[in-house]
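Observations on the model geometry
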Protein chains: 2
Amino acid sequence: MELLEGLLTRRSVRRYSDRPVSRETIEDVLRHAMYAPSAKNTRPWHFLPTQDRRILDGIMAAHPFSRMLTYAQWAVIVYGDSQAADTPEYLPVDCAAATQNLLLAAHGHGLGAVWLGIYPRQERMDALRRLVPIPDNITPFAVVSIGYPGRDYNEQPDRFEPEKIHWDNQW
Amino acid sequence: MELLEGLLTRRSVRRYSDRPVSRETIEDVLRHAMYAPSAKNTRPWHFLPTQDRRILDGIMAAHPFSRMLTYAQWAVIVYGDSQAADTPEYLPVDCAAATQNLLLAAHGHGLGAVWLGIYPRQERMDALRRLVPIPDNITPFAVVSIGYPGRDYNEQPDRFEPEKIHWDNQW
């Protein structure tokens, strides 16, 4: 798939087939996530890919819009390391860029994925922290649900909003 | 260029040729930026693409790592709208995803680009606000410097860090 086409055709995919997704494929998706830019190239991200039903069910209990995890082959928890980041406030920015790369890499592999927001909602961050114990400097940032698409996602919504481009320095 | 290859070969490009970049190309880059995901699909971003030397010089005066704007064909200021966002705290997350799409779309067009962090540094946000007056609910988030690459960027740094993947639920 062509890069520009891939940016336009990536969708939030919440229905999955039962086709397995190999660990090697997930590793390659995460490899591409790690090529996102970050402030001062600190790369303050971590990833926990899991197929553990206890964890997937725990995320569903903590997150109101996560029912698609019932059928997901994998969930990837994206974390940020506040000690590694340029400043703690850059952490969500860097993790978001990596998460977007992750979604696009999944799309490039023919997978479907959806980004479940965790940060900045404290109750979700706390729940994820209880589910998988992590060091104090690590913050749960997002969960990405992954599987091969369970239906066609060929229709393409029009998201181009020319009024959001401010030409000629005019607001 | 292939999507997966594009994710790996995108680089921070700070040296530009004097080849002009058309307004149509910039508009297409921004079209692709707008296909990023956002919390509840609120798409709380705005873009101000400019070639105005006064503004580019003003950014250089406000940002310590922005000398590449001397030779940039365009700067795109990315803004977030705190009223449009799902919550104000999601604003940087959504804007970061759009900015990453912007950088990738530039790469897909054969352009070079680099992300200059503005948010969360208050002095930079204030300086951008003075440079281009904007409504109170709008926050300057980032500047992207754009031009055709002025040298080869063929070498590819290895950013894969397998120790940042936590398999088997082990931290």
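Residues numbered from 1 in each chain as written. Chains lettered and ligands numbered in written order. Predicted model: local features only at pLDDT ≥ 70, side-chain atom pairs only at ≥ 80, totals over all residues. Heavy atoms only, no water.

1. Here's the deal with the overall build of chain A
- Along the backbone of chain A there are five helices and four strands.
- Seen in sequence order, chain A has helices and strands lined up from the N terminus as α-α-β-α-β-α-β-α-β.
- Computed over C-alpha atoms, the radius of gyration of chain A comes to 17 Å, within 12% of the 16 Å expected from 2.2 N^0.38 for 171 residues, which places it in the range of a compact globule.
- The buried share among the 171 residues of chain A stands at 61%.
- Partitioning the contacts of chain A with sequence separation of at least 6, the portion at a separation of at least 24 is 77%.
- Here chain A contributes 19 positively and 21 negatively charged side chains, and the mean placements of these two sets differ by 6 Å. (Helix = DSSP H or I, 4+ residues; strand = E, 2+ residues; numbered from the N terminus. Rg over C-alpha atoms; globule rule 2.2 N^0.38 Å. Buried < 20%, exposed > 50% of the residue type's maximum accessible area, 1.4 Å probe, protein only. Contact = heavy atoms within 4.5 Å. Lys, Arg positive; Asp, Glu negative; His and termini not counted. Charge placed at Lys NZ, Arg CZ, Asp CG, Glu CD.)

2. With respect to the relation of the copies chain B and chain A
- Turning chain B through 180° and shifting it by 0.0 Å along the axis lays it on chain A, with an RMSD of 0.0 Å. Put plainly, the chains are arranged around a two-fold axis. The C-alpha atom lying nearest the rotation axis in chain B is that of L3 of chain B; the distance is 1.9 Å.
- Most of the interface of chain B is mirrored in chain A: 100% of its interface residues are interface residues there too. (Least-squares fit on C-alpha atoms with pLDDT ≥ 70 in both.)

3. Quick notes on the pattern of salt bridges
- Here the structure, examined in full by the defined rule, presents 18 salt bridges over all chains.
- Close ionic contact of R121 of chain B with D86 of chain A constitutes a salt bridge, the shortest N to O distance being 3.1 Å. Here the residue R121 of chain B occupies a position in the loop between β3 (112–117) and α5 (122–131), and D86 of chain A occupies one in the loop between β2 (74–81) and α4 (91–108), the pair thus bridging two chains.
- Between E155 of chain B and R151 of chain B there is a salt bridge; the shortest N-O distance is 3.8 Å.
- Taken together, the shared-partner salt bridges in this structure form one network comprising R11, R151 and E155 of chain A. (Salt bridge = Lys/Arg side-chain N within 4 Å of Asp/Glu carboxyl O.)

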